[in-house]
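# Observations on the three-dimensional arrangement
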Amino acid sequence: MMNPKEILLANSEQELLANCKAGKRVAQKRIYELFAPKMLNVCRRYAIDVEQARDFMHDGFIKVFMNISKFRGEAALETWITRIMINNSISSIKKEIRKGIKVKIDDVKLSDSESFDFELESKQPISARNVFDTLDDLPLGYRTVLSLYVLDGFTHKEISGQLGISEGTSKSQLAKGKRLLAKMLKEKYQ
Amino acid sequence: MKRDKRNIEEFVKDKLDGFDAGFQNDWSEFETKLDRAILYYRMKVGALIGAVLILITLGVAGGSGLNTSNNSQASVVSEPSFLYNLSNRAPFLHALRMRSELNYRTKSTNTDPNEEGMEPSSRTTLAISTSSKRENAYGKELDNVLLLEAKSAGTPLLLEALREESKLAFREPLFLRELSNNAAEANANLGLRAEQKPSSSPIIADVREESNELTNVANLDLSGLEADLEMDQSDLYVRPPLMPVAFDKRAAYVSPLQAENPWSFSASVYPNFTFRKFKVDKEKLNLIHRDFIDATEDAETGGFSLNVGIVVSRRIGRITYLNGGVEYINYKSVSQYNFFNYREANINATTGRIDNYTLLDEPEQIVFSGNNVYHYLNFPLSISHQPWVTDHVRLNIEAGGSFMYFLGANGQAIDYQSLETIDIADREYNNSIASLHMKIGVCYYVSERLNFGLEPTMMYFTNTIYSEDYPFQVIPYSVGVNLKLQVKLN
């Protein structure tokens, strides 16, 4: 059962949605200001820099408003918008991603559930910015698969469909990406 | 000192969950982009609706014009000039063979009623001119042409004989129709007479010599025609008629198996064997491992494709067609490598190109064999000229182009730089290819609906599916042979 605040928010979202579907500019602006900060974070994971991330985000919101009438309400609005942002970002850089993905067929034997304990002794707390910058330094293929799997909750099947690669390739990219990220964090901050 | 020990995935997720990438409210900038996008969308929808309306208008306007053109086409097709080459086809002679099976009517009062239903062995003689002068009414010399004209009285009989023999698509020779319509005028222009023996009923039973003005006339014994269709053409040339005959030497022969409907829809299946040549692009040597170059140039030289599709054809001339359609192409090539790798390539992470090599302590033999399959959707458009050689055999001379959309690839190959085994689906490809083609082949028509053929084909590709990093110089030609099976659907 939802609490009063959730109910209020839900009603507000419904009203906002209805006005947005009607094409009201005020409602569109409200939705943009509500979700843009988080969506910029999402797009930044797949972009080279902030400027490209901003372009991805703008294109994504244009698609959101053009297709808002197709939103059925089966999932939360934020989830739906996030999916559009990711799809849009990935499709823009698909060529670069596939170029960066080359893997030995034998590597598919690596288990994607291979999670190792990551131990880091650092002199000072590691901030989100530190982790993000390190993630940003990963090769594009590793970074994309890692972000999709770990941060955005995609399955390997979804990732393979999204990027046009095999599931085996997706698993090996994730395993290699995790190892390399751990190694880089240790080298930088340990 | 801070110690952090946990699962790497949880670590990253915790840290980046609330990460702020530095958003600044830029609604006004976004609003401009949104307005422009809405405008472009409305223009696209408007253009699409406009295109649909134009197509509908053209379809309606063209439909009424089509009926007219169909009629004129039909008239051209249904009224060919009568021109037969004896060596290929001899309908008149065939009709003569069937003479004994026909119940023919005659206007002649001399016909013996007992002669109806005569035996095949009865004889007929035809009177023809042995004049050496062989010209038509327009004074043009005839070559290998048999022009036979019946006296007016005999024309209905001959006409009926030919009608009895004809199949559905057989078209009445123009000259006979004209003669039958102008029977009274034909008397003075005879080149042929039939002399009837009392006990026989010839095919031209009641052709009578009404004029004594005919000269240079010799009798030709047509007995035993069933066994001997090789006739000395010099015996059959007739005195050219004085009455003009509609006659067009340029009209091509049309088999009875040719469909009358100018539109045809058919399903076709054809395997195709192609031969290609690979050569390393000299300017891209740093995109391919040095030890791999020779092996690759020899490894892939041919392939097999299976094309399955729907063909829509519209006859635009007597035997000329405009063809279009859609087909699925499954192209398979076999890659086989067996070579030694002596050095390891050092690949620049930024440029993706090989900077230099490091010699291996021991050479490594690489043996690889794999089938690669490429899937395309092809949209061809062509013009073909299809003359009939016989009733069942037809040539196909075709030229056109096509647009091929790349659907995907399956299989494994060796990476050009690292020499590791990779999935070819992970390579980069262009989405589409355009090509021009030319075919010269022969088809055998089992029936109007079913034919199969052999068509050597040459293609020229304007581009390839491979990206800029493809290290080979693509030779844009391919030569192949189609084995076609076509089934007409309408």
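Just so it is clear, the model here is predicted, and its values are computed rather than measured. (Residues numbered from 1 in each chain as written. Chains lettered and ligands numbered in written order. Predicted model: local features only at pLDDT ≥ 70, side-chain atom pairs only at ≥ 80, totals over all residues. Heavy atoms only, no water.)

## Digging into the packing of aromatic side chains
We apply this condition: Any two of the Phe, Tyr and Trp rings considered here, Trp counted by its six-membered ring, make a pair once their centres fall within 6.5 Å; the pair's planes then place it as stacked at under 30 degrees, edge-to-face at over 60, or tilted in between. Whether a charge sits over a ring depends on NZ of Lys or CZ of Arg being within 6 Å of the ring centre and within 35 degrees of the ring normal.
Here the structure, examined in full by the defined rule, presents 13 aromatic pairs over all chains. Members of the aromatic cluster, each reached through a chain of ring pairs, are Tyr32, Phe61 and Phe65 of chain A together with Phe23, Trp27 and Phe30 of chain B. Directly above the ring of Phe154 of chain A sits Arg83 of chain A, whose terminal nitrogen or CZ lies 4.1 Å from the centroid. A cation over a ring is seen here: Arg343 of chain B above Tyr357 of chain B, with NZ or CZ 5.7 Å from the ring centre.

## Structural notes on the pairing of strand β16 (residues 477–488) of chain B
Residues and elements named next belong to chain B. Defined as follows: Per-residue accessibility, obtained with a 1.4 Å probe over protein chains only, is compared with the maximum for each type, and a residue is labelled buried under 20%, exposed over 50%, and partly exposed between these values. Starting at the N terminus, helices and strands are each numbered in turn, a helix being any DSSP run of H or I of at least four residues and a strand any DSSP run of E of at least two. Pairing between strands is defined by DSSP: at least two bridges between the two strands are required.
Only one face of β16 is buried: it carries Ser478, Gly480, Asn482, Lys484, Gln486 and Lys488, and the other face, with Tyr477, Val479, Val481, Leu483, Leu485 and Val487, is open. Here strand β14 (residues 450–461) runs beside β16; their pairing, made up of 11 bridges, is antiparallel. For Glu455, the partnering residue across the bridge sits in β16 and is Asn482.

## Notes on helix α4 (residues 77–92) of chain A
An α-helix turns once per 3.6 residues; consequently, residues spaced three or four apart project the same way. The condition is simple: One less than the number of residues in a helix, times 1.5 Å, gives the span that helix is expected to have.
Taking 1.5 Å of rise per residue, 16 residues should cover 22 Å, and α4 of chain A covers 23 Å from first to last C-alpha, within 8% of that figure. Within α4 of chain A, burial applies to Leu77, Trp80, Ile81, Thr82, Ile84, Met85, Ile86, Asn88, Ser89 and Ile90 of chain A.

## Description of helix α8 (residues 156–163) of chain A
All names here are of chain A. This is how it is decided: By arc we mean the arc of the directions from the helix axis to the C-beta atoms, nothing more.
Listing the buried residues of α8 in full gives His156, Ile159, Ser160, Gln162 and Leu163. Along the axis of α8, the buried residues cluster in a sector spanning 165°; they form a single face. Within α8, the exposed residues directed more than 90 degrees away from the buried face are Lys157 and Gly161. Residue Gly164 follows α8 closely and has a positive phi angle near 75°.

## Quick notes on the confidence of the model for chain A
All names here are of chain A. Counted only if it meets this: Per-residue confidence from the prediction method is given by pLDDT, with values spanning 0 to 100. Contacts are residue-level and defined by heavy atoms, with any inter-residue pair within 4.5 Å sufficient.
Per-residue pLDDT for chain A has a mean of 81; in total, 78% of the residues score no lower than 70. For chain A, the element scoring lowest by mean pLDDT is strand β1 (residues 117–122), at 58; helix α3 (residues 50–66) scores highest, at 93. Below a pLDDT of 50 lies the segment residues 103–115, which in the model reaches 30 contacts outside its immediate sequence neighbourhood of four places, other chains included.

## Concerning the pattern of salt bridges
Note the threshold: Salt bridges are defined by distance alone: a side-chain nitrogen of Lys or Arg within 4 Å of a carboxyl oxygen of Asp or Glu.
By the definition in use, this model includes 16 salt bridges over all chains. We note a salt bridge from Lys33 of chain B to Asp55 of chain A, for which the minimum N-O separation is 3.5 Å. Of this pair, Lys33 of chain B sits in helix α2 (residues 27–78) while Asp55 of chain A sits in helix α3, each in a different chain. Across the salt bridge formed by Lys188 of chain A and Asp137 of chain A, the nearest N and O atoms sit 3.0 Å from each other. With Lys188 of chain A in helix α9 (residues 167–189) and Asp137 of chain A in helix α6 (residues 128–137), this pair connects stretches of sequence that are 51 residues apart. Lys188 of chain A gets classed as partly exposed once you look at its relative accessible area, which sits at 40%. Relative accessible area serves as the criterion here: at 48%, Asp137 of chain A is assigned to the partly exposed category. When salt bridges with common partners are traced through the structure, they connect Glu398, Lys439, Glu455 and Lys484 of chain B into a single cluster.

## Some details on the pairing of β14 of chain B
Residue and element names in this part refer to chain B. The pairing of strand β13 (residues 432–445) with β14 spans nine bridges and is antiparallel. Within β14, the residue paired with Tyr445 across the bridge is Asn451. Counted between consecutive antiparallel strands, the loop separating β13 from β14 contains four residues.

## Description of the nonpolar core
Formally: We define a nonpolar core as any set of buried Ala, Val, Leu, Ile, Met, Phe, Trp, Tyr and Cys residues linked to one another through side-chain atoms lying within 4.5 Å.
If you look at the biggest cluster of nonpolar residues, it comprises 62 residues, and the most contacted ones within it are Met57, Phe61, Leu77 and Ile81 of chain A. Here the element with the most residues in this core is helix α2 (residues 25–46) of chain A; it accounts for 10 residues. Setting aside residues no more than four positions away along its own chain, Met57 of chain A makes contact with Tyr32, Ala36, Met39, Leu40, Cys43 and Met85 of chain A together with Phe23 and Asp26 of chain B. Counting 27 residues, the second-largest nonpolar core is a separate cluster that includes Met404, Ala409, Ile465 and Tyr466 of chain B.

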